[in-house]
Amino acid sequence: MTRLKSLTAQYRELQQRLEQGGGPDKVRRQHEQGKLTARERVAALLDQGAEWFEVGLLVACDQYDGQAPAAGVVTGLGRISGRPVVVVANDATVKAGSWWPETIRKILRAQEIAMRQRIPIVYLVDSAGVNLPYQSGVFPGQYGAARIFYYNSIMRHYLRVPQIAAVMGPCIAGGAYLPALSDVIFMVDGTSFMGLGGPNLVKGATGQVVDAESLGGARTHTSVSAVAHYRTRDDKDCLERIREYVSRLPRPGRPPPAAGGKPKRSPRDLYDLLPSDHRMSYDVRAVLECLLDGGTLDEFQAEVAPEMICGHGAIAGRPVALIANSRGVIKGKPGEPPKIGGIIYTESAEKVAYFIANADRERIPLLFVQDVSGFMVGTDAEHSGIIRAGARFVEAMATATVPKLVLTMNHASGAGYYAMAGQGFDPDFIVSWPTGRMGVMEGESAVQAVFGNGVAKAENAPAVEAMRADYERQLDARFAGARGFVDAILPPEDTRDVLAFLLETTTEFSGPHLGAFALPSAS
C-alpha cells in the first residue's frame, strides 16, 4: 500500500468516528426527545445528493480526551435549491452542544466564509451554552464568543448576507444573541427554548417559578414576545420551511461556466503518483492531469525558473491561474548548477509575483498547489536578492483581490508556505491531502539546527529521538486539521470535485476577496 493510500485510509477511519458525534446512546436520546441529530438536520436541509464540504471536522479531535468530536458543532458548505449556503449546526450529542473554545473558532470560520463569498448562512441552534470549565477560552478575548455577534452585526448592517436561525433545542444566555442578530428566527414547538436565563437561573435570581415553555418556548416567542418569526411543528417541518425561505431569496446573476471536460487521467491515479517517501521527487504535471479539464495547462514562461510552474487551466469549466511547485532536480541553465524542486529561488519568486499580478488584473482565481520546502539560502541566494524577490512574491499574493484556493499535497514549509498563500494570508479555502506536512521545517532539519555536530553523541540520543517524534506528530495533516490550520483534509479522488464546488462558490461575490471580509465602499 502506498503512503498516500495508507494515510487516506487512516483519515477515513478517523472521519467515520468523528461523524458519530457523541455516540449511539446520545443519538438515541436525541431521537427520544423528538429531535434529529445535527448531521441529520444538515442532510435534510441541503439538496439531496448535492455537494457537502465540511469545514473543521477534525478540530479538537486530539484534545479533551476525545470528548469533543468536531468541537460539538457541524460547519460546512452545501446547497439549497442549487445555491451555495453555509450551515452551522450545534451537535447536542456532544456535551449538550455546549461551546468549547474550538467551537467558537469553527463558528467564526463559517461566518467568514459566508461574509467573504456573500452567501446565506443558516444556524441550527441546539446548545446548552458555554462549556463552563473552559469559559476562559470561550468568553473573553478578541476572538471569543463576542466576535460571533460582531460578525452577525456586520453581515446584517453592511454586507447584506442573509442569516437564518432555527432554534431547535436550548439556546441559552449570550448564545441567544446569535439568532436575535439574524434576519429571521424559526422555532420548533415543544423542543426549542430561547432565553437569557433558564428556569433554574430565573428562580435563583428572582425567586420566580416558571416552566421553560412559558418562559421562552416557541409559542411564547412567536405570540407574546415577538422575538421569533416562525413557529414550526417539528424538526422536519422547520428545515423544510427554511429551504423554502432560502429558495425565494434573490441571487446575483452569474454567467454559467464553460462546458468543462474530464481530466486527462483518472483522479484515482493520484494514489500512485506520489512517492512513498515524501522526500522523493515525482511528476507534478501528471498530478495536474488528474485535476484540470483535459489535463491541459497553458504554461506561463515554461522555460524560466521551471521549479515553479505557473499556468492557466480550468476545473469543471471554471478558469484558474495555477501555481505549483515542481519536485525533483531541475537542470540549470548552461554554466549554472541544477536547482532543487520545491525550493523557491530569486528568479522563480519574480516569475510568480508577475504571474499573480496578471491574474489579479485579469480577475482569474488563483489556485496554489503546495509542495514547498522554503526559499533558497546561501551566499548566492542572498547576493541575488532573494529577500527582496520573496517579499515581492508575498506582497503580490497578499494583495491580490481575486479568490485564492490552496491545496497542500506534501510539504508546506518555511516562508515558502507563507508565499504560497498560507492560512495567515486569508485564502478563501485551504485544503490538504492526508500527506500534507505543515511546519517551519522538516524534523531532520530541525534536529540539525538544534544539535548541530552533537546529533551523533550518545548522551543526546534520547532528546534527538524525542524531537524527531514530536516533529513527525506535528507535521501530520491530522494535527493541522485538529487545530483548524486547514479547512478540510481531502481524499485525493475527491479533490477535483471539491475544488470545482469551491471555485463556483467564490463566484458568488465579484468584489474584492480580502481579509475575513471587505466592507462595501461608502456611497
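Check the entry above for the structure.
As a convention, each chain's residues are numbered from 1 in the sequence order in which they are written. With pLDDT at 70 or above as the cut-off, local features in this predicted model cover only qualifying residues; side-chain atom pairs require 80 or more to be listed or tallied, and sums for whole chains, interfaces and linings still use all residues. Computation of side-chain values: all heavy atoms of the structure, hydrogens and water removed.

Asker: Would you explain the overall build of the protein in this entry?
Answerer: Runs of E in the DSSP output that reach at least two residues are strands. Runs of H or I that reach at least four are helices, and both are numbered from the N terminus. The number of helices and strands found in the protein is 20 helices and 20 strands. The globule rule used here is 2.2 Å times the number of residues to the 0.38 power, and the radius of gyration it is set against is calculated over C-alpha atoms. For the protein, the C-alpha radius of gyration of 25 Å lies close to 24 Å, the compact-globule estimate for 523 residues. Summarising its shape, the C-alpha atoms of the protein cover approximately 85 × 60 × 45 Å along the three principal directions. A 1.4 Å probe rolled over the protein chains alone gives each residue an accessible area, and that area as a share of the maximum for its type sets the label: buried under 20%, exposed over 50%, partly exposed in between. Each of the 523 residues in the protein was classed as buried or not, and the buried ones make up 55%. In the protein, once contacts between residues fewer than 6 apart in sequence are set aside, the share between residues at least 24 apart is 74%. Total accessible area computed for the protein in this model is approximately 22,500 Å², and 54% of it derives from carbon and sulfur atoms. Charge separation in the protein, taken as the distance between the mean sites of 55 positive and 57 negative side-chain charges, equals 3 Å. Two residues qualify as a contact provided that any one of their heavy atoms is within 4.5 Å of a heavy atom in the partner residue. Computed with the Shrake-Rupley method and a 1.4 Å probe, the accessible areas treat only the protein chains shown as cover for residues. Charged-residue counts in this description rest on Lys and Arg as positive and Asp and Glu as negative, His and the chain ends being excluded. All charge positions are set by atom: Lys at NZ, Arg at CZ, Asp at CG, Glu at CD.

Asker: Please explain the nonpolar core as it appears in this structure.
Answerer: Side chains that are nonpolar tend, in soluble globular proteins, to be buried together. The biggest cluster of nonpolar side chains holds 73 residues, and the ones touching the most others in it are Phe-53, Leu-77 and Met-155. A per-element tally of this core places helix H4 (residues 101-117) first, with seven residues. Setting aside chain neighbours within four positions, we find Leu-77 in contact with Glu-51, Trp-52, Phe-53, Val-85, Val-86, Ile-113, Ile-119, Phe-429, Phe-501, Leu-502 and Thr-505. By convention a nonpolar core is built from buried Ala, Val, Leu, Ile, Met, Phe, Trp, Tyr and Cys residues, the set being connected through side-chain atoms within 4.5 Å. Of all hydrophobic cores here, the second largest spans 45 residues; its members include Val-352, Ala-400, Tyr-417 and Met-420.

Asker: For this particular structure, what's the right way to read the environment of Trp-433?
Answerer: For Trp-433, the position within the fold is in the loop between strand E18 (429-432) and strand E19 (437-439). Distance from Trp-433 to Asn-131, taken between C-alpha atoms, is 32 Å for residues 302 residues apart in sequence. Dropping the residues within four chain positions of it, Trp-433 is found in contact with Leu-4, Leu-270, Leu-274, Val-287, Leu-407, Thr-408, Met-409, Ala-477, Ile-489, Leu-490, Pro-492 and Thr-495. For this analysis, a polar contact is any N or O atom pair within 3.5 Å, provided that within protein one partner can donate a hydrogen and the other can accept it, and provided that sequence-adjacent residues contribute only side-chain to side-chain pairs. A polar atom in the side chain of Trp-433 sits 2.8 Å from the side chain of Thr-495.

Asker: Sorry, what's going on with the environment of Lys-351 here?
Answerer: Note on placement: Lys-351 falls in helix H13 (residues 346-362). Counting along the chain gives 45 residues from Lys-351 to Pro-306, while the straight-line C-alpha distance between them is 9.9 Å. Excluding residues that lie within four positions of it along the chain, Lys-351 makes contacts with Phe-300, Gln-301, Val-304, Ala-305, Met-308 and Cys-310. At 2.8 Å, the side chain of Lys-351 forms a polar contact with the backbone oxygen of Met-308.

Asker: Explanation requested: the pairing of strand E2 (residues 73-80) in the structure shown.
Answerer: Remember that side chains alternate between the two faces of the sheet whenever the strand is regular. Counting buried positions along E2 yields eight of eight residues, so the element is predominantly enclosed. The alternating pattern of E2 places Val-73, Thr-75, Leu-77 and Arg-79 and Val-74, Gly-76, Gly-78 and Ile-80 on opposite faces, both of which are buried. Pairing geometry for strand E1 (residues 53-54) and E2, over two bridges, is antiparallel. The partner of Phe-53 across the bridge, within E2, is Leu-77. With eight bridges connecting them, E2 and strand E3 (residues 83-90) associate as antiparallel partners. Bridging from a neighbouring strand, Gly-78 pairs with Val-85 of E3. Two strands qualify as a pair provided that DSSP identifies no fewer than 2 bridges between them.

Asker: I keep staring at the side chain of Thr-435 and nothing clicks. Help me out?
Answerer: Inspection of the secondary structure assignment puts Thr-435 in the loop between E18 and E19. The buried category is assigned to Thr-435, whose relative accessible area is 1%. When neighbours within four sequence positions are excluded, Thr-435 is seen to be in contact with Arg-3, Leu-4, Leu-7, Leu-274, Met-409 and Asn-410.

Asker: What is the right way to look at the pattern of salt bridges in this model?
Answerer: Two side chains that carry opposite charge are able to pair once their charged atoms sit near each other. Whenever Lys or Arg places a side-chain nitrogen within 4 Å of a carboxyl oxygen from Asp or Glu, that contact is recorded as a salt bridge. Within the structure shown, the criterion is met by 35 salt bridges. Measuring nitrogen to oxygen at the nearest pair gives 2.5 Å for the salt bridge that ties Arg-28 to Asp-25. Linking Arg-28 with Asp-25, this pair stays in helix H2 (residues 24-32), spanning three residues, or about one helical turn. Classification of Arg-28 by relative accessible area gives partly exposed; the value is 45%. Residue Asp-25 is classed as exposed on the basis of its relative accessible area of 53%. Here Glu-472 makes a salt bridge to Arg-437, at a shortest N to O gap of 3.0 Å. One end of the pair, Glu-472, is in helix H18 (residues 461-474); the other, Arg-437, is in strand E19, and 35 residues separate them in sequence. On the accessibility criterion, Glu-472 (45% relative accessible area) is partly exposed. Linked through salt bridges whose partners overlap, the residues forming this network are Glu-51, Arg-79, Arg-251, Glu-504 and Glu-508.

Asker: I tried to follow the pairing of strand E11 (residues 318-325) on my own but got confused; where do I start?
Answerer: With respect to burial, E11 is a largely interior element, seven of its eight residues being buried. Summarising the sheet, strand E10 (residues 308-315) and E11 pair through eight bridges and their orientation is antiparallel. Counterpart to Gly-311 in the pairing with E11 is Leu-322. Counted between consecutive antiparallel strands, the loop separating E10 from E11 contains two residues, among which Ala-316 sits at a positive phi close to 55°. Alignment of E11 against strand E15 (residues 366-372), held across four bridges, turns out to be parallel.

Asker: Explain the packing of helix H3 (residues 38-45) against helix H10 (residues 235-247) to me, please; I cannot follow it from the model alone.
Answerer: Pairs of packed helices are described in terms of their axes, by the angle between the two and the distance that separates them. Two elements in contact, H3 and H10, have axes separated by 9 Å at closest approach and are oriented at 40°. In terms of orientation, H3 lies oblique with respect to H10. Along this stretch, H3 crosses H10, giving a crossing that reads as right-handed. Residues Arg-41, Ala-44 and Leu-45 of H3 form the contact with H10, whose participating residues are Asp-235, Leu-239, Ile-242 and Arg-243. Split into classes, the residues belonging to the contact of H3 with H10 amount to four nonpolar, no polar and three charged. Note on geometry: axes are lines fitted to C-alpha atoms, helical ones only across the stretch in contact, with angles between N-to-C directions running from 0 to 180 degrees. Throughout, the term roughly parallel applies to angles under 35 degrees, roughly antiparallel to angles over 145, roughly perpendicular to angles from 65 to 115, and oblique to all others. Helix crossings fall into two classes, left-handed where the near helix is turned counterclockwise from the far one by less than a right angle and right-handed where it is turned clockwise. All amino acids are sorted into three groups, where Ala, Val, Leu, Ile, Met, Phe, Trp, Tyr, Cys and Pro are nonpolar, Asp, Glu, Lys and Arg are charged, and the leftover types, Gly among them, are polar.

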